[in-house]
Amino acid sequence: MTAIRATLLANDVLRQGGAELIEQWDRVGNDLLWLDIQQPDEEHLEPLLEERFGFHELASEDTLSPNTLPKYDAFPGYDFFIFRAVDMNVSEHGSQTYKLAAFLGRNFLITVHRDRMQNVDDVCNRLPSDKRLLGNGPDFLLYNIVDLMVDAHFPLLDEIEESVDHLQDSIFKDAEPSHLDELLHLKRDVNVLRRQSLPQRELLNQISRGDAQFIQRQHLIYFRDLYDHMFRISETIDVERDMMASTMEAYLSVIANRTNEIMKVLTILSTIMLPLTVIGGIYGMNFRYMPELEWHYGYLFAIGLMAATTTTLLLFFRWRGWLGHRHGPHRRHRL
Amino acid sequence: MTAIRATLLANDVLRQGGAELIEQWDRVGNDLLWLDIQQPDEEHLEPLLEERFGFHELASEDTLSPNTLPKYDAFPGYDFFIFRAVDMNVSEHGSQTYKLAAFLGRNFLITVHRDRMQNVDDVCNRLPSDKRLLGNGPDFLLYNIVDLMVDAHFPLLDEIEESVDHLQDSIFKDAEPSHLDELLHLKRDVNVLRRQSLPQRELLNQISRGDAQFIQRQHLIYFRDLYDHMFRISETIDVERDMMASTMEAYLSVIANRTNEIMKVLTILSTIMLPLTVIGGIYGMNFRYMPELEWHYGYLFAIGLMAATTTTLLLFFRWRGWLGHRHGPHRRHRL
Amino acid sequence: MTAIRATLLANDVLRQGGAELIEQWDRVGNDLLWLDIQQPDEEHLEPLLEERFGFHELASEDTLSPNTLPKYDAFPGYDFFIFRAVDMNVSEHGSQTYKLAAFLGRNFLITVHRDRMQNVDDVCNRLPSDKRLLGNGPDFLLYNIVDLMVDAHFPLLDEIEESVDHLQDSIFKDAEPSHLDELLHLKRDVNVLRRQSLPQRELLNQISRGDAQFIQRQHLIYFRDLYDHMFRISETIDVERDMMASTMEAYLSVIANRTNEIMKVLTILSTIMLPLTVIGGIYGMNFRYMPELEWHYGYLFAIGLMAATTTTLLLFFRWRGWLGHRHGPHRRHRL
Amino acid sequence: MTAIRATLLANDVLRQGGAELIEQWDRVGNDLLWLDIQQPDEEHLEPLLEERFGFHELASEDTLSPNTLPKYDAFPGYDFFIFRAVDMNVSEHGSQTYKLAAFLGRNFLITVHRDRMQNVDDVCNRLPSDKRLLGNGPDFLLYNIVDLMVDAHFPLLDEIEESVDHLQDSIFKDAEPSHLDELLHLKRDVNVLRRQSLPQRELLNQISRGDAQFIQRQHLIYFRDLYDHMFRISETIDVERDMMASTMEAYLSVIANRTNEIMKVLTILSTIMLPLTVIGGIYGMNFRYMPELEWHYGYLFAIGLMAATTTTLLLFFRWRGWLGHRHGPHRRHRL
Amino acid sequence: MTAIRATLLANDVLRQGGAELIEQWDRVGNDLLWLDIQQPDEEHLEPLLEERFGFHELASEDTLSPNTLPKYDAFPGYDFFIFRAVDMNVSEHGSQTYKLAAFLGRNFLITVHRDRMQNVDDVCNRLPSDKRLLGNGPDFLLYNIVDLMVDAHFPLLDEIEESVDHLQDSIFKDAEPSHLDELLHLKRDVNVLRRQSLPQRELLNQISRGDAQFIQRQHLIYFRDLYDHMFRISETIDVERDMMASTMEAYLSVIANRTNEIMKVLTILSTIMLPLTVIGGIYGMNFRYMPELEWHYGYLFAIGLMAATTTTLLLFFRWRGWLGHRHGPHRRHRL
């Protein structure tokens, strides 16, 4: 159900309430209005935006459509922005996406979002004690909201970086297909993040260059700061993508190495056992005339022959370097 | 056979009919004409376009050539556009491509397409009840058609994304070469899509910047919206291409892992069985003097020796971690 | 031996002949001259170009050097172009490259090429019947030649696409190193094509923007059309390069899969046979006291033991899913 | 604890001291001040920067935040820069990052850094003997500090290049998973370096184009030189990333090759031994009527049969080229 | 030891000599001076450049530093360039890099290089016979030197291309790790080449656009020609890098194929021999009651059983397609 919170700063007096405060505000006056609309439904929102405020139908459509990417459109008398935040549960690969649509005019800011956003609540609660937030103009208020949205990426990125590092460690300890599966899911998560970070970065770049009509010149530096943060975010995303690609290759190499190890054990044991089988087979033949069988130490001779063969093969393997050091799973060491 | 549908809006009266309506329309007057030509053949179309309307021969050639990519050309008195849509059967890798050529002037829109296009029919049928579509100018009519063409990409992309996800799951369950084959076909499909999406995105960018002569200034925002959609489409295509590349690597890794598993079984069983064969072989030798053969519990001793060898090897494998947990196909779990 | 064909359009009369026609043409008059020089040798060409026509030494050097890439240089009084076409025998990886150097002035066009070019001959033969070709100015004539050169890429690209598809099919049927070798050769071919397509595309872009001095404004649209074709060509080349990279990875995967198959057969047969050998070995031992040997059904017991072991192992393999379905080379099917 | 070093050049007299020197300096006068603040804490720094000098709160926040990337912001009356250096222990994959924030005005330079920086100390110590450093203006002093910071990258890059080369050699001698692990760590190190080098390069490019307000025109060439160095640094980083990717592939190939070698030994020995076992098995059968068993030279015949089989197989392997040359680990040679 | 060669063109008289000629030249006059300095040492060069000619200290530092990349700096009264050439011994992976620093003014050219450069000597020797080289101005002289430096890349690139082709052939014939090692060295070589080609290309682009102060307008076309060559060089480098990446993948595939081959031989021989061993083992058991042992043709029966088993297995392998065609190393053929 559409929930509306209104904040009105008139003659230095700040009042917070519901939709009824809109009536006390005048578009051409100097009172400042912030309207925050949560969980909008079409039949309530469209009349409000298009009729009461006279916003363009495309803007109000973008406000309601769930997939719009970050963007800026200039309209006569107001600026229209879409910002996006993301809340990802990295370990469960569940992501929730937050979209904030904002209409910014000379003396008003209207923010629309489907879900409850902690960032908006925080700003809302700080308002009574810090009138400067709204007093500096609605664009400064917008900056404060977007600032919290942008900075929410950092703990997320840390978590992703940690997951990739953890996956690498797990793969070196004991690679299994589930790691790969995990990696592909992580990759999809990061792609979701990237797909909305790049346009958001571009949007903040555009704003900080002064393209928006109702961002005051002295506040551009704040949006430039947001751009710097967003730039750092998208750089980190690219680094993680790169590390994921390497991890996938590492997985393949670890598996190849393990096959190698197993092959070596098989080869060593087979090549030692097979000649012994042959010797056993020879002296198990039933020929009538086999001189060795009559020897008193024939049995000892056969056992000795087996021992000699084994020793020779072991020496061969040592020379080949297959026995010298084992690449067991327990002895990873640095160069 | 060339089919022509004409719609004429004269003095606020809307009439729909065939080619005969063209005669009632005057190029220099204020009546608005929409001509939709389906399944054009050269001998009918060229005279109509080049002689009746005076369009350039290159434009009429591009209209008929099946491979032209999205483009915009400005001619004196009219704009010429090529738009493309695609209808792909992802599971059968059959794709049908739709090309819409459009001539846009001050008071006319001429659209040409080979196949029946649902989008065009929809707009055509809505016209009588919603005169605003044509009343706002032929450029607004064009926007409505292209809007439907662009939005038709989204279900297609969802289907592709689902196919890639499904392939990944199948590969982790049971990789076979047919998956790879499927992947290569999917890749070719996506490449077809990409090859025409990028120029279309560029074309919409160009239009939304105001480059076209007969798109009215107040409608630019609508084409800007189409550009935003097209941007989202091409971003999604890139993400899918990336996921496909990862899937291919995953395939290789899954196969490598499986080889590994099989090798391990072979190695474990071989290295257990071979020593037993050797022991059997030794006591099967026919030497005259073999003390063990005479022992009363010689047979038990030999069986015991075999059991001891097997146990020792099993302990060795457990120490190596080859028995602890099996990476069977049935136990994929998250980290 | 240098062969010169001259075409002169004077007072609406078209004459074709050899070098002697040059004398009847006047650089400052309005007669139009086309000179086509085939198989040029340095000692004939340099005097003609540098002295008779006063062209720059760098232009005449570029005309003769076999490796020059497509380019445009503006000189006072004339434009200098290098265009390239390619004739590739895809199946034999033999490629022949055609270079066309063109000097374009207000009333003349001079084309120079080493080999016989079908495109140039075609235009030359159409001239007497279609005077418009030259009558529209030498730049329109140049367009007609280059148009044929550019369009010659399309059948080539189709052939390459077919080769890559065919290779993919072959690899899925029966991968062998010769396929890889073929792929690397194909890649080199495509690289040759790409290396000259990109500068040619750039060159046509430059011309269609109106950078060349002697291309008439009303003909720019024709060169823009060539640019569109060249753009499509280079896009297709990139798609094919991408498909080749995927094919190489597919090859590796198919081989890995095959190794897998073979390993599975080896493992299944070995692990069934080895226990039988052990059982045979045990009852082949010569101990004096082996109760089973005395049993009346001892032999049957041993055979039964063998059968039970085999059955157990087969059940194990079935549980592992190694017997359920075979990934033989004959049963590729879609998902 | 915040440590402040002040250097004041007044009337050609240079004095160095603590925070007390600030009082003797006048912002509108011509005396030059360099303030170097090490290990800043928020409660001391913010009043100093924001109140005493009137710097913007965003600048002072960026000064304290540890993660800011290199950037430039112009404020009325001063320029604000962030530069970064890195001190990496390549062999232990421990990296320490240095951030230098700089406020540059007409007659002052304020540098802030958390850790002790050798570069800054060096410049500080050279000041008394080389007054030109400060005499040329605070921007020249800044150049001298940044110059040392940039050049500190070169030994680091040499070390990384050496590590990669060393890893390649180790992999060709004896590939083990620890090499891969090492490679992934090295990659992360290089990514850290790259992430801060690119914006620093861009920053220096911006400065050298003359974008900063308080860099004197005649000193631009010095910053252009720094840009050239930074460009070389980022190029080298890219080359190393490329070499690392190749090394990873080489690792996989070396492992594959080794598996190959082991397989060959196993195959050769198995295929020689197995037929001998069969022959031994045949003549170990207990049939009553086996003519060969009665032959006087039956035993010799059997041994001869074994020798013949072995010889035949060895010839087969030689024909296959499996014995001709061994790819042992000790004989790497150039082509 | 610093070696100085001076060439002075005064009143159409050309004189060549040592450093003493500098004195006879006047910076503001019209005499043209070319100074070529080889093997410069700091204590001689700095006074000459900085004091005698008044060049900037940064330029003279860049002249001496061995690692500077190609660049252009404009100074009042002169242009400063760094060009680079490379002399690579592809087969031994030894590369020698040549750096040429050039100071170009209205009436002088000063070239500085550490090593003897054949190109410079060539131009120096041609000067007396071809005064035009200097008479056309010092910029034309510079063009002649750089032209030789640029064209020296072509034989080098041919050699690299040949090496890559040769490596591909070797890998298909008989892949060994030394090929990979060779490939990585070749890659490093090409990276060295690339790292200095790209800035050199950019530098020549800059010059040919007319950015340098003392390159005469009518000579720009010559530098444009150098740019075209450099463009071709860097394109070829990229193609070779691409081919190297493919070669590395091909190596892996060839090894995988070989493992496959070996596996197949092992599998075929093992699966034929193991059942025979089992049959031999069964009839070698010592049970008292084994009817077959008493049969008169028991032995023949056992041999027959073995033959039947072998035949069955061979038929199985043929059905599997493992015997039909062998992928031996000697039969590479085209598709």
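Conventions and cut-offs
- Residues numbered from 1 in each chain as written.
- Chains lettered and ligands numbered in written order.
- Predicted model: local features only at pLDDT ≥ 70, side-chain atom pairs only at ≥ 80, totals over all residues.
- Heavy atoms only, no water.
- Helix = DSSP H or I, 4+ residues; strand = E, 2+ residues; numbered from the N terminus.
- Rg over C-alpha atoms; globule rule 2.2 N^0.38 Å.
- Buried < 20%, exposed > 50% of the residue type's maximum accessible area, 1.4 Å probe, protein only.
- Contact = heavy atoms within 4.5 Å.
- Least-squares fit on C-alpha atoms with pLDDT ≥ 70 in both.
- Buried area = accessible area lost by both parts, 1.4 Å probe.
- Salt bridge = Lys/Arg side-chain N within 4 Å of Asp/Glu carboxyl O.
- Polar contact = N/O pair within 3.5 Å; in protein donor to acceptor, adjacent residues only side chain to side chain.
- Pairing = 2+ DSSP bridges.
- Nonpolar A, V, L, I, M, F, W, Y, C, P; charged D, E, K, R; others polar.
- Phe/Tyr/Trp six-rings, centres within 6.5 Å; stacked < 30°, edge-to-face > 60°.
- Lys NZ or Arg CZ within 6 Å of the ring centre and 35° of its normal.
- Axes fitted to C-alpha atoms, helices over the stretch in contact; angles between N-to-C directions.
- Parallel < 35°, antiparallel > 145°, perpendicular 65-115°, else oblique.
- Core = buried A, V, L, I, M, F, W, Y, C linked by side-chain atoms within 4.5 Å.
- Expected span 1.5 Å × (residues − 1).
- Patch = residues over 30% accessible without salt bridge, like charges linked within 9 Å, V, L, I, M, F, W, Y side chains within 5 Å.
- Areas by Shrake-Rupley, 256 points an atom, 1.4 Å probe, with all protein chains shown as cover.
- pLDDT = per-residue confidence, 0-100.

Colleague: Is there a simple way to explain the overall build of chain A in this structure?
Modeller: Looking only at helices and strands, one finds ten helices and seven strands in chain A. For 335 residues, the compact-globule estimate of 2.2 N^0.38 gives 20 Å, and chain A exceeds it by more than 25% at 35 Å. On the principal axes, the C-alpha backbone points of chain A span a range of 125 × 40 × 30 Å. Looking at chain A as a whole, 61% of its 335 residues qualify as buried. Here the contacts in chain A between residues at least 6 apart in sequence split such that 65% fall between residues at least 24 apart.

Colleague: Is there a simple way to explain the relation of the copies chain A and chain D in this structure?
Modeller: Each copy of the chain is related to the other by a rotation around an axis and a translation along that axis. The transformation that overlays chain A on chain D combines an axial shift of 0.1 Å with a rotation of 72°, and the residual RMSD is 0.2 Å. The transformation relating the two chain copies, once decomposed into turn and shift, fits a five-fold axis. No C-alpha of chain A lies nearer the rotation axis than that of A:Gly284, which sits 4.7 Å from it. Both copies present different contact surfaces, since only 20% of the interface residues of chain A are interface residues in chain D too.

Colleague: Looking at this structure, how should I read the interface of chain A and chain D?
Modeller: Note: interface size is frequently given as the accessible area lost on complex formation between the parts. Contacts between the two partners involve 61 residues from chain A, matched on the other side by 69 residues from chain D. Around 5800 Å² of area is buried between chain A and chain D when both sides are counted, 62% of it from carbon and sulfur atoms. Between the two partners, chain A and chain D, sit eight salt bridges. A salt bridge links A:Asp228 to D:Lys71; the shortest N-O distance between them is 2.7 Å. On inspection of chain A and its partner chain D, the count reaches 20 residue pairs in polar contact (both at pLDDT 80 or more). Those elements that provide at least two residues to the side of chain A that touches chain D are helix 6 (153-174), helix 8 (220-282), helix 9 (291-294) and helix 10 (298-320) of chain A.

Colleague: Is there a simple way to explain the pairing of strand 5 (residues 78-89) of chain A in this structure?
Modeller: The side chains of a regular strand alternate between the sheet's two faces. All names here are of chain A. In terms of burial, strand 5 is largely enclosed, as ten of its twelve residues are buried. Where strand 4 (residues 71-75) meets strand 5, five bridges bridge the pair, whose relative direction is antiparallel. For Asp-73, the partnering residue across the bridge sits in strand 5 and is Phe-80. Between the antiparallel neighbours strand 4 and strand 5 lie two residues, among them Gly-77 with a positive phi of about 95°. Bridging between strand 5 and strand 6 (residues 94-104) involves eleven bridges; their strand directions are antiparallel. Paired with Ala-85 across the strands is Tyr-98, a residue of strand 6. Counting the residues between successive antiparallel strands, the hairpin from strand 5 to strand 6 contains four residues, one of them, His-93, with a positive phi of roughly 55°.

Colleague: Would you mind going over the interface of chain B and chain A with me for this structure?
Modeller: Contact with chain B, which involves 60 residues of that partner, is made by 68 residues of chain A. Roughly 5800 Å² is buried in total at the junction of chain B and chain A, and carbon and sulfur atoms are behind 62% of that figure. Summed over the shared surface of chain B and chain A, the result is eight salt bridges. A salt bridge links A:Arg188 to B:Glu161; the shortest N-O distance between them is 3.3 Å. Broken down by secondary-structure element, the contributors of at least two residues to the side of chain B that touches chain A are helix 6 (153-174), helix 8 (220-282), helix 9 (291-294) and helix 10 (298-320) of chain B. At 33 residues, the largest contribution of residues to the side of chain B that touches chain A is made by helix 8 of chain B. Each residue belonging to the side of chain B that touches chain A can be placed in one class, and the counts come to 27 nonpolar, 16 polar and 17 charged.

Colleague: I would appreciate a short explanation of the arrangement of the chains in the present structure.
Modeller: The two units chain C and chain D are non-contacting; their minimal C-alpha-C-alpha distance is 9 Å. Separating chain B from chain E is a minimum C-alpha gap of 9 Å, and the two share no contact.

Colleague: Is there a simple way to think about the relation of the copies chain B and chain A in this case?
Modeller: Once chain B has been moved 0.1 Å along the axis and rotated by 72°, it coincides with chain A to within an RMSD of 0.1 Å. Interface overlap between copies: only 20% of the residues of chain B at the interface are likewise at the interface in chain A, consistent with a contact formed by different surfaces.

Colleague: What is the right way to read the packing of aromatic side chains from this model?
Modeller: Any pair of aromatic rings gets described here by the distance separating the centres and the angle formed by the planes. Enumeration over the complete set of coordinates arrives at 110 aromatic pairs over all chains. Here the aromatic rings of E:Phe53 and E:Phe55 are separated by 5.5 Å at their centres, their planes lie at 15°, and the arrangement is stacked. Centre to centre, the rings of E:Phe80 and E:Phe103 are 4.8 Å apart; their planes meet at 40°, and the pair counts as tilted. One end of the pair, E:Phe80, is in strand 5 (residues 78-89); the other, E:Phe103, is in strand 6 (residues 94-104), and 23 residues separate them in sequence. Taken as a pair, E:Phe80 and E:Phe103 share a single burial class, namely buried. If you follow B:Arg52 out to its NZ or CZ, it ends over the ring of B:Phe53, 5.4 Å from the centre.

Colleague: Any chance you could explain the packing of helix 6 of chain B against helix 8 of chain B here in plain terms?
Modeller: The packing of two helices is summarised by the inter-axis angle and the distance between the axes. All names here are of chain B. Remark: helix 6 packs on helix 8, axes separated minimally by 9 Å, with the N-to-C direction vectors making an angle of 10°. Regarding the angle of helix 6 to helix 8, the classification is roughly parallel. A class-by-class count of the residues in the contact of helix 6 with helix 8 yields 14 nonpolar, five polar and five charged.

Colleague: Just checking my understanding: could you explain the sheet that holds strand 6 (residues 94-104) of chain D for this structure?
Modeller: In a beta sheet, neighbouring strands are held together by backbone hydrogen bonds and run either parallel or antiparallel to one another. Residue and element names in this part refer to chain D. On the basis of which strands lie adjacent, the open sheet formed by seven strands has the order 2-1-3-7-6-5-4 and mixed pairing. One side of each edge strand has no neighbouring strand; the edge strands of this open sheet are strand 2 (13-17) and strand 4 (71-75). Across the sheet, the axes of successive neighbouring strands diverge by a mean angle of 15°, strand direction being ignored. Helix-sheet contacts for helix 1 (residues 42-52) involve strand 1 (3-10), strand 3 (32-38), strand 6 and strand 7 (108-113), and the interaxial angle to strand 3 is about 155°.

Colleague: Would you explain the nonpolar core in this entry?
Modeller: Note that soluble globular proteins tend to have their nonpolar side chains buried in a common cluster. Residues A:Phe81, B:Phe81, C:Phe81, D:Phe81 and E:Phe81 are the most contacted members of the largest nonpolar core, which totals 463 residues. Excluding anything up to four places from it in sequence, D:Phe81 contacts D:Lys71, D:Tyr72, D:Leu100, D:Ala101, D:Ala102, D:Leu104, D:Leu142, D:Leu203, D:Ile207, D:Ala212 and D:Ile215.

Colleague: Can you walk me through the sheet that holds strand 3 (residues 32-38) of chain A in this structure?
Modeller: Residues and elements named next belong to chain A. The seven strands lie next to each other as 2-1-3-7-6-5-4, forming an open sheet whose pairing is mixed. Across the chains shown, the open sheet's two edge strands, defined by having one partner strand only, are strand 2 (13-17) and strand 4. The sheet shows a mean angle of 15° between the axes of neighbouring strands, taken without regard to direction.

Colleague: Would you mind showing me how to read helix 5 (residues 138-151) of chain D here?
Modeller: It helps to recall that an α-helix has 3.6 residues per turn; residues three or four apart then point in one direction. Residues and elements named next belong to chain D. A rise of 1.5 Å per residue sets the reference length of helix 5, with its 14 residues, at 20 Å; its end C-alpha atoms lie 20 Å apart and thus fit the reference within 8%. The buried fraction of helix 5 is high, at twelve of 14 residues. Those residues of helix 5 not exposed but buried are Pro-138, Asp-139, Phe-140, Leu-141, Leu-142, Tyr-143, Asn-144, Ile-145, Val-146, Asp-147, Met-149 and Val-150.

Colleague: I would appreciate a short explanation of a nonpolar patch on the surface in the present structure.
Modeller: Residues and elements named next belong to chain A. A contiguous nonpolar patch, built from Trp-295, Phe-301 and Leu-305 and spanning about 270 Å² of accessible area, is present on the exposed surface. By the secondary structure assignment, Leu-305 is in helix 10. For Leu-305, a relative accessible area of 33% corresponds to the partly exposed category.

Colleague: Can you help me understand the confidence of the model for chain A in this one?
Modeller: Low pLDDT marks regions whose predicted coordinates should not be analysed in detail. Residue and element names in this part refer to chain A. On average, chain A scores 86 in pLDDT, and the residues at 70 or more come to 96%. No element of chain A has a lower mean pLDDT than helix 9, at 83, and none a higher one than strand 7 (residues 108-113), at 94. Low confidence marks residues 325-335, where pLDDT is under 50. Its contacts with residues over four positions away, or in another chain, come to 25 contacts. Per the prediction output, this complex has pTM 0.82; the corresponding ipTM is 0.77.

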